[in-house]
Amino acid sequence: MVFARKRFGQNFLHDPGVIAQIIEAIDPQPGESLVEIGPGRGALTEPLLELCDGLDAIEIDRDLAAELQQRFGARGLTLHVCDALKFDFAMLAHARGRKLRVIGNLPYNVSTPLLFHLLDHRASIFDLHVMLQREVIERICAAPGNGDYGRLTVMLAPWVTAEHLFDVGPGAFRPAPQVWSAVARLTVRETPAFPVDARYDRVVSAAFSQRRKTLRNALRALLEADAIAACEIDPGARPETLSPEEFGRLARAVSEPLA
Ligand code: SAM
């Protein structure tokens, strides 16, 4: 029986085949700066340290951090014992002198805020390999018109390209979670796919908070139907049918400054 803290979303990976698949997908190269979020009992940490000169890791659980320090402190692991939601990835990238490659079998209870925190630090990140609940990965990678397509997909789209790499069953973890997981690669774009500013978040959030409504109704407080039509977008369309680029066009039609 593995002692695991539910409040920290602890499900520890133990399947050697899945661990090897993740390490192969990351394909660490000499000279890169890798940072692992939530190393836990070191399932990914150990093989990563065999391939890298050094590794940063962020772990919130002090007991696990003490174990990790003892096992890997002399083998190149630099531990940051803190909440990844508050971690300054920009400062770490500055200290390491290069963009970071972020890795994590992430705590599922904080996965969406953590992805948004990482997105805020995108200028300091080269790519991310993340294991999450499969339905979250499906939302990140969904195409317009798909039932999984929503705010998360559209908010990430200007900044990253997302690939759903493979699924992982509950049996790969101890304790076994109740849901399937999946691994995705998110590669930060060198330049955004289209121009984005604060209006994008406002438009996307408004659109998806009223998912069943048409754009005309969901965006009523931000854009008149005529202004939507002037973007060559049907005001009668439903938000989940629009591409991220079309949301970008709508956002740029919102007059500044925002109230
Ligand atoms: N990487 C390990 C593995 O694959 O077996 C553990 C994965 S477990 C799903 C999530 C890990 O993230 C745990 O070690 C947990 O303590 C840690 N964690 C949870 N919330 C965290 C947070 N906000 N910041 C940093 N680490 C966190």
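Residues numbered from 1 in each chain as written. Predicted model: local features only at pLDDT ≥ 70, side-chain atom pairs only at ≥ 80, totals over all residues. Heavy atoms only, no water.

**Student:** Outline the nonpolar core, listing residues and values.
**Tutor:** Membership of the largest hydrophobic core comes to 81 residues, with the highest contact counts inside it found for Leu13, Ile22, Ile37, Leu132, Leu219, Phe247 and Leu250. The element best represented in this core is helix α8 (residues 198–209), accounting for six residues. Each of domain 1 (8–188) and domain 2 (200–253) contributes no fewer than three residues to this core. When residues no more than four places from it in sequence are discounted, the contact partners of Leu219 are Val203, Ala206, Ala207, Ile228 and Leu250. (Core = buried A, V, L, I, M, F, W, Y, C linked by side-chain atoms within 4.5 Å. Buried < 20%, exposed > 50% of the residue type's maximum accessible area, 1.4 Å probe, protein only. Helix = DSSP H or I, 4+ residues; strand = E, 2+ residues; numbered from the N terminus. Domains from an automatic or database assignment. Contact = heavy atoms within 4.5 Å.)

**Student:** Please provide a residue-by-residue account of the site of the ligand, values included.
**Tutor:** Leu13, Gly38, Glu59, Asp83 and Asn105 are the nearest of the 21 residues found near the ligand. Residue Asp83 places a side-chain N or O atom 2.8 Å away from a nitrogen atom belonging to the ligand. In the model, a nitrogen atom of the ligand is placed 2.8 Å from a nitrogen or oxygen of the Ala84 main chain. Contact with the protein chains covers 98% of the free accessible surface of the ligand, which is 590 Å². According to the grid-proximity analysis, the pocket containing the ligand is the largest pocket. Residues belonging to the shell around the ligand are distributed by class as follows: 11 nonpolar, six polar and four charged. (Near = heavy atom within 4 Å. Polar contact = N/O pair within 3.5 Å; in protein donor to acceptor, adjacent residues only side chain to side chain. Areas by Shrake-Rupley, 256 points an atom, 1.4 Å probe, with all protein chains shown as cover. 1 Å grid on protein atoms, 1.4 Å probe; cavity = no way out; pocket = protein on both sides within 12 Å on 5 of 7 lines; lining within 4 Å. Sits in = over half its atoms within 2 Å of the grid points. Nonpolar A, V, L, I, M, F, W, Y, C, P; charged D, E, K, R; others polar.)

**Student:** Account for the pairing of strand β6 (residues 125–133), with residues named and values stated.
**Tutor:** Working note: regular strand, side chains alternate between the two faces of the sheet. With eight of nine residues buried, β6 lies mostly within the body of the structure. In this fold, strand β5 (residues 100–105) hands off to helix α5 (residues 111–120), which returns the chain to β6; that crossover is right-handed. As paired elements, β6 and strand β9 (residues 181–188) share seven bridges and run antiparallel to each other. Bridge assignment links Leu132 to a residue of β9, and that residue is Ala182. (Right-handed = clockwise from strand over helix to strand, strands pointing away. Pairing = 2+ DSSP bridges.)

**Student:** Break down the pattern of salt bridges for me, with residues and values.
**Tutor:** This model, assessed by the stated rule, comprises 11 salt bridges. A salt bridge links Glu32 to Arg101; the nearest nitrogen and oxygen atoms lie 2.9 Å apart. Here Glu32 is found in the loop between α1 (16–26) and β2 (33–37), whereas its partner Arg101 is found in strand β5, with 69 residues between them in sequence. Owing to a relative accessible area of 27%, Glu32 belongs among the partly exposed residues under this scheme. (Salt bridge = Lys/Arg side-chain N within 4 Å of Asp/Glu carboxyl O.)

**Student:** How would you summarise the packing of aromatic side chains if you had to cite specific residues and measurements?
**Tutor:** Following the criterion strictly, the structure yields four aromatic pairs and no others. Summarising the aromatic geometry, the rings of Tyr149 and Phe208 are spaced 6.4 Å apart at their centres and angled 70 degrees between planes, so their arrangement reads as edge-to-face. Residue Tyr149 is located in the loop between α6 (134–141) and α7 (151–156), and its partner Phe208 is located in helix α8; the two are separated by 59 residues in the primary sequence. Judged by its relative accessible area of 1%, Tyr149 falls in the buried class. By relative accessible area, Phe208 is classed as buried at 12%. Among the aromatic residues, ring-to-ring pairing joins Tyr149, Phe208 and Phe247 into one connected group. The ring of Phe12 has Arg41 lying over it, and the distance from NZ or CZ to the ring centre is 5.0 Å. It is Arg122 that lies over the ring of Trp159; its NZ or CZ is 3.6 Å from the centre. (Phe/Tyr/Trp six-rings, centres within 6.5 Å; stacked < 30°, edge-to-face > 60°. Lys NZ or Arg CZ within 6 Å of the ring centre and 35° of its normal.)

**Student:** How would you sum up the pairing of β5? Please name residues and give values.
**Tutor:** Of all six residues in β5, six are buried; the element is thus mostly enclosed. With burial as the criterion, each face of β5 is covered, one bearing Leu100, Val102 and Gly104 and the other bearing Arg101, Ile103 and Asn105. Bridge analysis of β2 against β5 gives four bridges, and the strand direction is parallel. Along β5, the bridge assignment pairs Glu36 with Ile103. In this structure, β5 lies alongside β6, joined through six bridges in parallel fashion. Following the sheet pairing, Ile103 is matched in β6 by His129.

**Student:** Just give me the short version of empty space enclosed by the protein, but keep the residues and values in it.
**Tutor:** It is a probe the size of a water molecule, rolled over the atoms, that shows where empty space is left. As enumerated under the stated definition, the model contains two cavities of 30 Å³ or more in all. In this model, the largest cavity occupies a volume close to 70 Å³. At the level of elements, α5 and β9 are the ones that each hand at least two residues to the lining of the largest cavity. Element by element, the count of residues in the lining of the largest cavity is highest for α5, at three residues. Looking at side-chain class alone, the lining of the largest cavity contains eight nonpolar, no polar and one charged residues. Considering the residues around the second largest cavity, the lining is formed by Ile22, Leu44, Ile103, Gly104, Asn105, His129, Val130, Met131 and Val183. Looking at the lining of the second largest cavity, the elements with two or more residues in it are β5 and β6. Here the residues of the lining of the second largest cavity sort into six nonpolar, three polar and no charged. (Points joined across faces, edges and corners; volume = space filled by probe spheres on them.)

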